[in-house]
Amino acid sequence: MRAGFSSDAARCGKINILTDEQEESFDALLLRFNSLTAMVQDHITRGILTLEEEDVRKKSQRDRRILKERLGALKPELNFGTPAELRNRIAHFNPDESAKQAEILYEVHIRSKDLIEGYNEALRYADRKFFGSKLDLHPIIVPSVPGWGA
């Protein structure tokens, strides 16, 4: 079993034990978060910048993100660097560190909204500017989630 939390408990530093079902959900959430971050950061961003005739071969992920923001393909207020940095932290955390797990899970919960919006914003940009609808990618629609606001 792994450590877990409710969002209120995480802010107070309280850690609970996850059931097997919750642990599966935790693993699935981290996998999906990592996959979507990689897709936006590595594939969609590279595709958009290549179509904009930007040479991305020697540019850092940060430089690519800044270019995308400047072009209007990513809103700066989404702080997309944070999900990408969180993706790196997820890859290096020790599963036996329950407090660290709780912290990462809480951050994934908080940053998922920005990640999804960043993905959707990139698709809208591609639709407007290029041939986005031919990418066979579709926006992610998230039903109302408590704690995410309107």
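First, a word on scope: everything that follows refers to the structure included in this document. Computed from a predicted structure; not experimentally measured. (Residues numbered from 1 in each chain as written. Predicted model: local features only at pLDDT ≥ 70, side-chain atom pairs only at ≥ 80, totals over all residues. Heavy atoms only, no water.)

**Structural notes on unusual backbone geometry**
In step 1: Despite not being glycine, E53 has its phi angle at roughly 60 degrees, a positive value.
In step 2: Mapped onto the secondary structure, E53 falls in the loop between helix 2 (20–51) and helix 3 (61–71).
In step 3: Residue classification places E53 among the exposed residues on the basis of a relative accessible area of 74%. (Helix = DSSP H or I, 4+ residues; strand = E, 2+ residues; numbered from the N terminus. Buried < 20%, exposed > 50% of the residue type's maximum accessible area, 1.4 Å probe, protein only.)

**Brief notes about helix 3**
In step 1: Here helix 3 has its buried residues at R64, L67, K68 and E69.
In step 2: Trailing helix 3 by a residue or two, G72 shows a phi angle of about 95 degrees, which is positive.

**Looking at the packing of helix 4 (residues 81–91) against helix 5 (residues 98–129)**
In step 1: Two elements in contact, helix 4 and helix 5, have axes whose closest approach is 10 Å; the angle formed by their N-to-C orientations is 150 degrees. Comparing their axes, helix 5 and helix 4 come out roughly antiparallel. As for how helix 4 packs across helix 5, the hand of that crossing is left-handed. Contact with helix 4, carried on its side by T82, P83, L86, R89 and I90, involves K100, E103, I104, E107, V108, R111 and L115 of helix 5 and no other residues of that element.
In step 2: Along the lines of polarity and charge, the residues of the contact of helix 4 with helix 5 split into 6 nonpolar, 1 polar and 5 charged. (Axes fitted to C-alpha atoms, helices over the stretch in contact; angles between N-to-C directions. Parallel < 35°, antiparallel > 145°, perpendicular 65-115°, else oblique. Left-handed = near helix turned anticlockwise from the far one by under 90°. Contact = heavy atoms within 4.5 Å. Nonpolar A, V, L, I, M, F, W, Y, C, P; charged D, E, K, R; others polar.)

**Observations concerning the nonpolar core**
In step 1: The biggest cluster of nonpolar side chains holds 22 residues, and the ones touching the most others in it are I90 and V108.
In step 2: Sorting the residues of this core by element identifies helix 2, helix 4 and helix 5 as the ones contributing at least two each.
In step 3: It is helix 5 that contributes the most residues to this core, 9 residues altogether.
In step 4: For V108, the contacting residues outside a window of four places in its chain are L29, L30, F33, L86 and I90. (Core = buried A, V, L, I, M, F, W, Y, C linked by side-chain atoms within 4.5 Å.)

**Overview of the pattern of salt bridges**
In step 1: By the definition in use, this model includes 8 salt bridges.
In step 2: We note a salt bridge from E121 to K75, for which the minimum N-O separation is 3.8 Å. Residue E121 is found in helix 5, and its partner K75 is found in the loop between helix 3 and helix 4; the two are separated by 46 residues along the sequence.
In step 3: The partly exposed category is assigned to K75, whose relative accessible area is 30%.
In step 4: Residue R111 is joined to D114 by a salt bridge in which the shortest nitrogen-to-oxygen separation is 3.0 Å. Of this pair, R111 and D114 both sit in helix 5, separated by 3 residues, roughly a single helical turn. (Salt bridge = Lys/Arg side-chain N within 4 Å of Asp/Glu carboxyl O.)

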